[in-house]
Structure formats: structure tokens, C-alpha cells
Amino acid sequence: MGKIRVSPSLISADPANLEADVFSVKEAGADLLHLDVMDGHFVPNLTYGPLTAERLCHYGIPLDIHLMVDNPDSVVPLFLPHASYLTVHVEAATHLHRLLQLIKDHGVKAGVALNPATPPDTISYVLDLVDLVLVMTVNPGWGGQKCLTGMAEKVKAVKSMVESSGRSIDIAVDGGITSMNAGLFVSSGADILVSGSHVFKASDRRSTILALKESTPKHP
Ligand code: DX5
Ligand code: ZN
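So, a few notes on the structure that sits alongside this text. (Residues numbered from 1 in each chain as written. Chains lettered and ligands numbered in written order. Predicted model: local features only at pLDDT ≥ 70, side-chain atom pairs only at ≥ 80, totals over all residues. Heavy atoms only, no water.)

Comments concerning the site of ligand 1
- In the region of ligand 1, 21 residues are neighbours, and Asp36, Gly141, Asp174, Gly196 and Ser197 sit closest.
- Here Asp36 contributes a side-chain N or O atom positioned 2.8 Å from an oxygen atom of ligand 1.
- Asp174 is positioned with one of its side-chain polar atoms (N or O) 2.6 Å from an oxygen atom of ligand 1.
- The protein chains hide 100% of the 380 Å² of surface that ligand 1 would expose on its own.
- Elements with a minimum of two residues in the shell around ligand 1: β2 (33-38), β3 (63-68) and β8 (192-195).
- At three residues, the largest contribution of residues to the shell around ligand 1 is made by β2. (Near = heavy atom within 4 Å. Polar contact = N/O pair within 3.5 Å; in protein donor to acceptor, adjacent residues only side chain to side chain. Areas by Shrake-Rupley, 256 points an atom, 1.4 Å probe, with all protein chains shown as cover. Helix = DSSP H or I, 4+ residues; strand = E, 2+ residues; numbered from the N terminus.)

Following this line, the structure appears as C-alpha cells:
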């Protein structure tokens, strides 16, 4: 099992003080910075645009940008210059294969996200283009929701697809992740833990992030 990486989700940070919160989690050992881009259509919430991503990508922590937008074909180009990982939802992409190819062609790691109801085999014909599979463990739109721990079975299914592909593809879980459930997802095959409220509401962010990184697989 590879190194577990933690990607704090900024949606739970102080929107009036993003810079301080970014520095805080970077100092606390975050490996990535998860930027939830929501357009008010794919999900009812509205969050960040490319100007925020452009600013945030200069803090020396790779941006893990999660696009929850209805029209990823037109939004992807706006974020390509600032993303280390750029993740689109399989449910929103009319031409997913072409879109992932576009992301790859720009030297950005291509991610594909699956909502809770979406089966893993929807991505079987694009696995050769994918660097990250983001398994949603909540219904997207907000931080602070209860984790759908049943998605651990989907993580296991994705893990076995990745293993049969022979490619090194990261598997992330996103939504309601805490030190209480991280071990379950790690033992199911996740190696990136996206965590918003658990990290940003913690009094000691360093030990919270460390605990997530050291989450021992808890066999259900
Ligand atoms: C939900 C987002 C998640 C969420 C994570 O639509 O994709 O990244 O903000 O926040 P927590 O960890 O608080 O659920
Ligand atoms: Zn997210």
C-alpha cells in the first residue's frame, strides 16, 4: 500500500481568509489542496472560479481541482493552467474520453469523479486516460455531510479495476472523511483522502492530518 495523501477541501475553510487557511494546512502537512468548483447547476451550490485557482496555485501546494459543473467542456480550459489534478464528473461529461485527453494533453493529471449512484464500469473505457478516480462518499454540493461508508465497496471495485488495468491510478474518497472512517476506505484501496470540515474545524490541524495519513486499515 502506497503513501496515504491528504487533500483538505477548501470549501470548509474561512472564505474571507483563504490565504491564512491555505498556509495553515500546508504547514500542517497537507499534500494537496482540494478546490471544489461548483456552478449552481450540477450542484445547487456556487463556489470558486479560475481567478481563485490562479491565486491559490502559487502557494507551493498542488491544486486538486474538483469540477462539479454542468458543462465541463467549457470550464476545463479555464482551470487547466492552475491544476495539478483536474477532475470532472462522469455524469456531466458528454464526451468524457475527449475531455480527459484534453486534460492529459496539457500535462495535467486527469481525474474522473463518480457520484454515489454511479457504477465504476462507467469509466472502464477511459481508464487508460485516467490518473485519479474520485469516489464521492457524499452526494456533492456541500461540506460537512455524513459519510456514506457503504461506498467502501465501490472503492474496492475501483481498486480491482485499477489493478487489472496495470496502470498506476490514484483512488481518492471525498466527503465526510474523518479519522473514524478513513481506515475503512484505506483498507478498501483509497490512497488520497479529501477532507474538509474534519481538518478545518480541528483545533490541531497537524495531528488531524497526521492521523488521517496514518489511518490503519480497519477491517469492517
Ligand atoms: C462535496 C465536495 C467535498 C466536500 C468535502 O461536494 O466535493 O470535497 O466539500 O468536505 P467534507 O470533508 O466536510 O465533507
Ligand atoms: Zn470535492
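As for the pairing of strand β7 (residues 170-174)
- Among the five residues of β7, five are classified as buried, and the element is accordingly described as predominantly covered.
- Both faces of β7 are covered, namely the face carrying Asp170, Ala172 and Asp174 and the face carrying Ile171 and Val173.
- Looking at chain direction, strand β6 (residues 132-136) and β7 are connected through five bridges and run parallel. Counted as the bridge partner of Met136 is Asp174 from β7.
- Viewed along the sheet, the connection from β6 through helix α5 (residues 152-165) into β7 turns out right-handed.
- Bridge analysis of β7 against β8 gives three bridges, and the strand direction is parallel. Paired with Val173 across the strands is Leu193, a residue of β8. (Buried < 20%, exposed > 50% of the residue type's maximum accessible area, 1.4 Å probe, protein only. Pairing = 2+ DSSP bridges. Right-handed = clockwise from strand over helix to strand, strands pointing away.)

Section: the coordination of the zinc ion (ligand 2)
- Only His34 (NE2), Asp36 (OD), His66 (ND1) and Asp174 (OD) from the protein reach the zinc ion (ligand 2) as donors, at distances of 2.1 to 2.3 Å.
- In this structure, the zinc ion (ligand 2) is coordinated by six donor atoms arranged in octahedral fashion, with angles at the metal of 72 to 178°.
- If you list the donors of the zinc ion (ligand 2) from N- to C-terminus, the spacing comes out as H-x1-D-x29-H-x107-D. With His66 in strand β3 and Asp174 in strand β7, the pair connects residues that are 108 residues apart, well separated along the chain. (Donors = N, O, S within 2.8 Å, 3.2 Å for Na, K, Ca; no water. Tetrahedral: all angles 85-135°; square planar, octahedral: opposite > 155°, others 65-115°.)

Some details on the sheet that holds β8
- Across the sheet, which stays open at both edges, the eight strands sit in the order β1-β8-β7-β6-β5-β4-β3-β2 with parallel pairing between neighbours. Every interior strand has two partners, whereas the edge strands, β1 (5-8) and β2, have only one. Taking the axes of each pair of neighbouring strands and ignoring which way they run, one obtains an average angle of 25° across the sheet.
- Here β1 pairs with β8 via four bridges, running parallel. Residue pairing for β8: Ser7 is matched across the bridge by Val194.
- On the sheet, helix α8 (residues 205-213) packs against β1 and β8 and is oriented at approximately 135° with respect to β1. (Axes fitted to C-alpha atoms, helices over the stretch in contact; angles between N-to-C directions. Contact = heavy atoms within 4.5 Å.)

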